[in-house]
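The residues making up each chain are set out below.
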Amino acid sequence: NVTIFSNSNVTASGFAGVAGVTNGTGDVDIIAQNVGTTISGGHYGIEGVATSGTVNIGTSSQRIQSVITGPSGAGSAGIYGNTTSGAINIYTSGNASMASLTNADYGIDAASTSGVITIDNQAQIGSNGAGVNLSGITATTVHNGGTAISIVNSGDIYADNVGGVTNAGIYASNTGGT
């Protein structure tokens, strides 16, 4: 298991500002709760990756509070979660602004081969006239039972019309069934 609790500014010119990765059955838990702090990364602000374990980026009671800046380039995202079969849970507060992500493809990008995805976003993604390139929130899976993807959004989302399959404010795709 990997647990990251960040209570201060994090700036990385490399791939991710904060990254938690496991192989096998381990879980990834990332919490950034201090209002007024910033997480900045080159490709991802926050990245959580697991195989069959669960990726939790924030929780319903400990939402991501840090402002996310910096990501740019093809496939880039403010928050990125990926699993093979594990669940992905992403919770942001209104303080976790991603308004400056004008060169990122996604605000939040969650992809699983077969796991369940839950996203509860309260943060602004992109800004008026300067949105993210493809999608404010994207969730994709191939899950065969129950609710595969659940997205609740109360933050403003701005996405530019750059093209591509996922060009939307919110894009959800489950090609596995229900």
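Residues numbered from 1 in each chain as written. Predicted model: local features only at pLDDT ≥ 70, side-chain atom pairs only at ≥ 80, totals over all residues. Heavy atoms only, no water.

Help me get a handle on the overall build of the protein chain, residues and values and all.
Within the protein chain, the secondary structure is distributed over 0 helices and 15 strands. For 178 residues, the compact-globule estimate of 2.2 N^0.38 gives 16 Å, and the C-alpha radius of gyration of the protein chain, at 14 Å, lies within 12% of that figure. Oriented by its inertia axes, the alpha-carbon framework of the protein chain measures out at about 40 × 35 × 30 Å. Long-range contacts, defined here as pairs at least 24 residues apart, represent 80% of the contacts in the protein chain between residues at least 6 apart. For the protein chain, the exposed area adds up to about 6,900 Å²; of that, 46% sits on carbon and sulfur atoms. (Helix = DSSP H or I, 4+ residues; strand = E, 2+ residues; numbered from the N terminus. Rg over C-alpha atoms; globule rule 2.2 N^0.38 Å. Contact = heavy atoms within 4.5 Å. Areas by Shrake-Rupley, 256 points an atom, 1.4 Å probe, with all protein chains shown as cover.)

Pulling in residues and values, what's your account of the sheet that holds strand E10 (residues 88–91)?
Taken in spatial order, the 6 strands line up as E1-E4-E7-E10-E12-E14 in an open sheet, and their pairing is parallel. Two strands lie at the open edges of the sheet, namely strand E1 (2–6) and strand E14 (149–153), each paired on one side alone. Shown here is a sheet whose adjacent strand axes are inclined to one another by a mean of 0°, direction ignored. Here 3 bridges tie strand E7 (residues 55–57) to E10, and the two strands are oriented parallel to one another. In the sheet register, Val55 faces E10, and the bridge partner there is Ile88. (Pairing = 2+ DSSP bridges. Axes fitted to C-alpha atoms, helices over the stretch in contact; angles between N-to-C directions.)

Describe the pairing of strand E11 (residues 104–112), listing the residues and the values that go with them.
Most of E11 sits out of view: 9 of its 9 residues are buried. Of the pairings in the sheet, the one linking strand E9 (residues 73–83) to E11 comprises 7 bridges and is parallel in character. Bridge pairing in E11 places Ala77 opposite Tyr106. (Buried < 20%, exposed > 50% of the residue type's maximum accessible area, 1.4 Å probe, protein only.)

Everything listed here is a matter of coordinates, which is why it stays silent on function.
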